[in-house]
Amino acid sequence: MSIGYIRKKQKLNHNGTVKDVYLAKVCYTNHIDTNTLAEEISKMCSASPADVLMHVRALEDCISRRIAMGDVVKLDTLGTFYPSITATAVDSPEEVNNASVKRVGVLFRPSERFKEIINKAGVKLADKRI
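Values in this document were obtained by computation on a predicted structure and should not be read as measured data. (Residues numbered from 1 in each chain as written. Predicted model: local features only at pLDDT ≥ 70, side-chain atom pairs only at ≥ 80, totals over all residues. Heavy atoms only, no water.)

Draft legend 1. View of the pairing of strand 2 (residues 17-26). One ladder, built from 10 bridges, connects strand 1 (residues 3-14) with strand 2; its direction is antiparallel. Counted as the bridge partner of L12 is K19 from strand 2. The hairpin turn running from strand 1 into strand 2, its antiparallel successor, is 2 residues long, and N15 in that turn takes a positive phi close to 55°. (Pairing = 2+ DSSP bridges. Helix = DSSP H or I, 4+ residues; strand = E, 2+ residues; numbered from the N terminus.)

Shown next, in the form of structure tokens:
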């Protein structure tokens, strides 16, 4: 089990000088949906895929509702979800208002256990093309 990457050519502008550089970029292999996860989880426990799906959707509803209320949601073995906003800088405190907020979102910080599992996975070159 490892995370695949590709070599990607990219232009870098440094002090007015543009040069080509190469870096590793993640090569996504599959997009896994909730139904597929429910099937996999059901094989690990006694719950049916429908039961797992019902609980995953309930968890999603609860987390999103709490984030929308401004709460931080910590799932011990998974990680922590934080509400976030992106705002425009303004010149005075009076100008900070709803109009200065450009985007509302959520940040996720994985737990130490989660990070450890990902770090142990390592990486591999998935495609030799550039």
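Draft legend 2. Molecular detail of a nonpolar patch on the surface. Taken together, the side chains of I3, V26, Y28, L78, F108, F114, I117, I118 and V123 make up a nonpolar region of the molecular surface, amounting to roughly 800 Å² of accessible area. In terms of residue count, helix 3 (residues 112-121) provides more of the nonpolar patch than any other element does, 3 residues in total. Relative to the helices and strands, L78 resides in the loop between strand 3 (73-75) and strand 4 (79-87). (Patch = residues over 30% accessible without salt bridge, like charges linked within 9 Å, V, L, I, M, F, W, Y side chains within 5 Å. Areas by Shrake-Rupley, 256 points an atom, 1.4 Å probe, with all protein chains shown as cover. Salt bridge = Lys/Arg side-chain N within 4 Å of Asp/Glu carboxyl O.)

Draft legend 3. Representation of the environment of S2. For S2, the position within the fold is in the segment before strand 1. With 117 residues separating them along the chain, S2 and N119 place their C-alpha atoms 9.2 Å apart. For S2, the residues in contact, after removing those within four places along its chain, are A121, G122, V123 and K124. (Contact = heavy atoms within 4.5 Å.)

Draft legend 4. Structural detail: the packing of aromatic side chains. Enumeration over the complete set of coordinates arrives at 2 aromatic pairs. Taking the centre distance of 4.9 Å and the plane angle of 45° together, the rings of F81 and F108 count as tilted. Separated by 27 residues along the polypeptide, F81 in strand 4 and F108 in strand 5 (residues 101-110) bring together distant segments of the chain. The interplanar angle of 75° and the centroid separation of 5.9 Å between the aromatic rings of F108 and F114 together place this pair among those described as edge-to-face. Among the residues examined, F108 registers a relative accessible area of 34% and is labelled partly exposed. Classification of F114 by relative accessible area gives partly exposed; the value is 30%. (Phe/Tyr/Trp six-rings, centres within 6.5 Å; stacked < 30°, edge-to-face > 60°. Buried < 20%, exposed > 50% of the residue type's maximum accessible area, 1.4 Å probe, protein only.)

Draft legend 5. Local environment of unusual backbone geometry. Even without being glycine, N15 reaches a positive phi, approximately 55°. By secondary structure assignment, the location of N15 is in the loop between strand 1 and strand 2.

Draft legend 6. Representation of the sheet that holds strand 5 within the structure. With antiparallel pairing, 3 strands are arranged side by side in an open sheet as 3-4-5. In this open sheet, the two edge strands, each paired with only one partner strand, are strand 3 and strand 5. For this sheet, the mean inter-axis angle between neighbouring strands, taken without regard to orientation, is 25°. Across 9 bridges, strand 4 lies against strand 5 in antiparallel orientation. Paired with I85 across the two strands is V104, which belongs to strand 5. In the packing of helix 2 (residues 49-68) onto the sheet, the strands contacted are strand 3, strand 4 and strand 5, and the crossing angle to strand 3 comes to about 145°. (Axes fitted to C-alpha atoms, helices over the stretch in contact; angles between N-to-C directions.)

Draft legend 7. View of the sheet that holds strand 1. If you trace the 3 strands from one edge of the open sheet to the other, you get 2-1-6, paired in mixed fashion. Strands with a single pairing partner mark the edges of an open sheet, and in this sheet they are strand 2 and strand 6 (123-127). Within this sheet the neighbouring strands show an average axis-to-axis angle of 50°, counted without direction.

Honestly, that's just the spatial picture; any functional story needs more than this.
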